[in-house]
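Secondary and tertiary structure notes
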Amino acid sequence: LRLENRRWEKSYFEEGRDYVLNSWSTGQEVDLEDAFHFHKSLPESKRAYCKLRAGQEEKRIYLQPRAGVALLSEHIELLSELESKGEADFLPTTIDSYTRQNRYAEAARGIEESKAAGRSLLNGLPAVNYGVANCRKIIDAVGSPVQVRHGTPDARLLAEITLAAGFTDFEGGGISYNIPYAKDVPLERSLFDWQYVDRLCGLYAEEGIIINREMFGPLTGTLVPPCISHAIGIIEALLAAAQGVKSIAVGYGQGGNLYQDTAALRTLGRLGRDYLDRYGFQDVLLTTVFHQWMGGFPQEESRALGVIAWGAATAALAGVNKVIVKTPHEALGIPTAEANIAGLLCTRQLIRMLGEQELAKTPYLKEEEYMIEREVEEIISKVFELGEGDLAVGTVRSFEAGVLDISFAPSRCTRGSIMPVRDKDGAIRFLNTGNIPFSKEIKDFHQKKIKERADLEKREPGFRMVIDDIYAISKGRLVGKPR
Ligand SMILES: CC[C@H]1O[C@@H](n2cnc3c(N)ncnc32)[C@H](O)[C@@H]1O
C-alpha cells in the first residue's frame, strides 16, 4: 500500500475496483455509465451541489436531520415525512453499524429480523444489502437531495452503490470516519480507501456530475478544540480535492460557548477557502456545516429541546450554510419521526426568528478567531513538514508523533496526549497540548484562560475538571463547576 497525495490514474483506480464490487453480491449492479445517465436525469432540486451553491449565494441556513431505519419502505416513508412535515432542506440516509463495519451478512440478518419483528432492529439503512435499484427508490420518492451519513473506515462499496443509486452527497473521510469509529484500522488504510471514494467522485465530476463530499467535523463529539476539528477537516478537504472532488462541506460540532462557536464557524469557512485556493483548488465549492450539540443529552424531551434550540441560535448568530439537527430522543435512542420533526421545527423557529441578527465582532470574538487561525496554521504547516510536502504521508506521521491528536477516541492511531477542558466561560481550552508544537503565545493563552477558572473554582486545573465538564450537559450545565 503506497499512500501518496496524488490524483489516482484511472487505470490505478480500476485495478482495485473488481475487489470492491465483488465484496458483496449487490456490487454487481453497479454500472457507471448507467449511473451517470441516472444522475443526469435528476432535476437540480435533487442535486446537493446545486442546492448548496444556491444557498451560499442567498446566505440561507439549511436544515438536515439524521435518519435511517432497517426496512426500505419504512425508510422512504420516514424521509418523506421529514421533508414534508419536518421541512428538511436536505435528507439523510444514516447507514447501520454493521454496514459501517462491512459486515453485510449480519446486516442481512438484521433486515430479516426487522421484517419478522415489524420494526427496525438496525440503527440505519443497510444500503449495501439493498443495492442500486432498491436505493434508487429512495431518490425517486423524495424531492430533496439525499446524503449518505455513516461512520465507515472502508466505504468503497457503500459509495459505489449509493452514488450509482443517485445519492448526490457523501459524508466521511479517512481520518474522521476512522479515529472516532474504529479501534484498529491503520490510518494509511483508511486514508487510502477514502482516496478511492474521492477518486470515484472525481470520475462522476469528469462527467459533469458533481457529488458533494462532507467531512465529519465533530470527531468524538466530546470537548474537541476547534483547531483540531478544523485542521482535520481541512486536511480531508485537500485530500479530496486532490482526487477531483469539486464540492466540499467542512463541519464543526457545537462546543457550547457562543463566542467560541461563532469564531469557529467563521474561521472554518475562511480557512477552508484559503487552503483550497492556496493549493490550486479555486474551482471547488466550499460550504460549512454546524452539528448541534454532539455530547450527552438530558433525558427529558423539554430539556433536550432546550439544547437543540441553543444549537439553532448559535447557528443563526454565527452564520453557517447547513445545520445538522438533533432530536429530543437523543438520550433515548433512534428517534421517532415525530421527535425528528420536533427537532427540525424547533430549529427552524430559532433560525427564522434570529434571521435579522448576527453576533457583533467584539474583542473577545476577534481574539477567539485569531487564536483558532493561528492554531490551525501551526498544526497544518507541521503536518506538511512531517510529510516532506506530502499531506497524506504527513497526516500519518503527525498522528504517530502526536502533532495531530484527538482525545477520547477509540482508535489506537491517536496518542491521546492532549487534554481539553473548559474555561470559566465554557470555551474549550488545552489543559495539555501533548506533542502539538504550538507556539508559546498559544500555550500561554490556554493556560491563562484555564487559570482564571481554577482561581474562580478554588481548585487546581486537572482531570477532575475534565470529568466534570464531560458530565455537565446531561446535568443541564455547560461548565462542570464543583458542588
Ligand atoms: C453521529 C451521531 C449522531 O447520529 C445520530 N443517529 C445515529 N443513527 C441514527 C438514526 N438511525 N436515526 C437518527 N439519528 C441517528 C445519533 O443520535 C447521534 O446524535
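Per chain, residues are indexed from 1 in the order of the written sequence. It should be noted that, the model being predicted, local features are given only for residues of pLDDT at least 70 and side-chain atom pairs only at 80 or more, the latter also being counted only at that level, while totals for whole chains, interfaces and linings use all residues. Side-chain measures here rest on the full set of heavy atoms in the structure, leaving out hydrogens and waters.

Let's shift gears to the overall build of the chain. Helix and strand labels come from DSSP, where a helix needs a run of H or I of at least four residues and a strand needs a run of E of at least two; each type is numbered from the N terminus. Helix and strand counts for the chain come out as 17 helices and ten strands. Atoms counted for the radius of gyration: C-alpha only. Globule rule: 2.2 Å times residue count to the power 0.38. Computed over its C-alpha atoms, the radius of gyration of the chain comes to 21 Å, within 12% of the 23 Å expected for a compact globule of 483 residues. Overall size of the chain, expressed as C-alpha extent along the three principal axes, is 65 × 50 × 40 Å. Taking all contacts inside the chain whose residues are at least 6 apart in sequence as the whole, residues at least 24 apart take part in 74%. Every residue pair with non-hydrogen atoms within 4.5 Å of one another is taken to be in contact.

Positionally, isoleucine 428 belongs in strand S10 (residues 428-432). For the pair isoleucine 428 and serine 302, spaced 126 residues apart in sequence, the C-alpha separation works out to 26 Å. Look past the residues within four positions of isoleucine 428 in its chain and what remains in contact with it is Leu223, Val224, Pro225, Gly255, Gln260, Pro420, Val421 and Arg422.

Accessible area is worked out with a 1.4 Å probe on protein chains only. A residue is then buried under 20% of its type maximum, exposed over 50%, and partly exposed in between. Burial within strand S6 (residues 247-253) is extensive, with seven of its seven residues counted as buried. Where strand S5 (residues 212-214) meets S6, three bridges bridge the pair, whose relative direction is parallel. Bridged to asparagine 212 within S6 is serine 247. As for the winding sense of the linkage, the β-α-β connection from S5 through helix H10 (residues 226-242) to S6 is right-handed. In the sheet, S6 pairs with strand S7 (residues 285-291) via seven bridges, with the strands oriented parallel. Bridged to glycine 251 within S7 is valine 289. Pairs of strands are assigned from DSSP output, requiring at least two bridges between the strands. Note on handedness: a crossover is taken as right-handed if, strands pointing away from the viewer, the path from the first strand over the helix to the second is clockwise.

Along the polypeptide, asparagine 257 turns up in the loop between S6 and helix H11 (258-278). Spatially, the C-alpha atoms of asparagine 257 and aspartate 423 are 9.8 Å apart, while their sequence positions differ by 166 residues. Once residues lying within four places of it in the same chain are set aside, the contact partners of asparagine 257 are Tyr364, Asp425, Gly426, Ala427 and Leu478.

The subject of this paragraph is the site of the ligand. The criterion for a residue being near a molecule or strand is simple. One of its heavy atoms has to lie within 4 Å of it. The local shell around the ligand consists of Arg66, Ala67, Gly68, Thr94, Asn123, Tyr181, Met294, Lys326, Glu330, Ile334 and Pro335. Within 3.5 Å is the distance limit for a polar contact, defined as a pair of N or O atoms, with the added protein rule that one can donate a hydrogen and the other accept it, and that residues adjacent in sequence qualify only through two side-chain atoms. Between the ligand and the protein, one listed contact pairs a nitrogen atom with a backbone N or O atom of asparagine 123 at 2.9 Å. Take glutamate 330: an N or O atom from its side chain is 2.8 Å from an oxygen atom of the ligand. Areas reported here follow the Shrake-Rupley algorithm with a probe of radius 1.4 Å; residue values treat only the protein chains shown as occluding. For the ligand, whose accessible area on its own is 430 Å², the fraction buried by protein is 80%. When residues are sorted by character, Ala, Val, Leu, Ile, Met, Phe, Trp, Tyr, Cys and Pro go into the nonpolar class, Asp, Glu, Lys and Arg into the charged class, and all the rest, Gly among them, into the polar class. Looking at the shell around the ligand residue by residue, the class counts come to five nonpolar, three polar and three charged.

Here we come to the confidence of the model for the chain. Mean pLDDT over the chain works out to 97, with 100% of the residues at or above the 70 mark. Taken over the whole predicted complex, pTM reads 0.98, whereas the ipTM for its chain interfaces reads 0.98. Think of pLDDT as the predictor's per-residue confidence, scored from 0 to 100.

Turning next to the nonpolar core. For the purposes of this section, nonpolar cores are sets of buried Ala, Val, Leu, Ile, Met, Phe, Trp, Tyr and Cys residues that join through side-chain atoms within 4.5 Å. One finds Tyr204, Ile228, Ile248 and Ile379 to be the most contacted residues of the largest nonpolar core, which totals 133 residues. Residue contributions to this core peak at twelve residues, all from H10. Ignoring any residue separated from it by four or fewer positions in sequence, one finds isoleucine 228 in contact with Leu219, Ile379, Asp405, Ile406, Ile418, Phe430 and Ile436. Listed in part, the nine residues of the second largest apolar core include Trp293, Ala304, Ile308 and Ala309.

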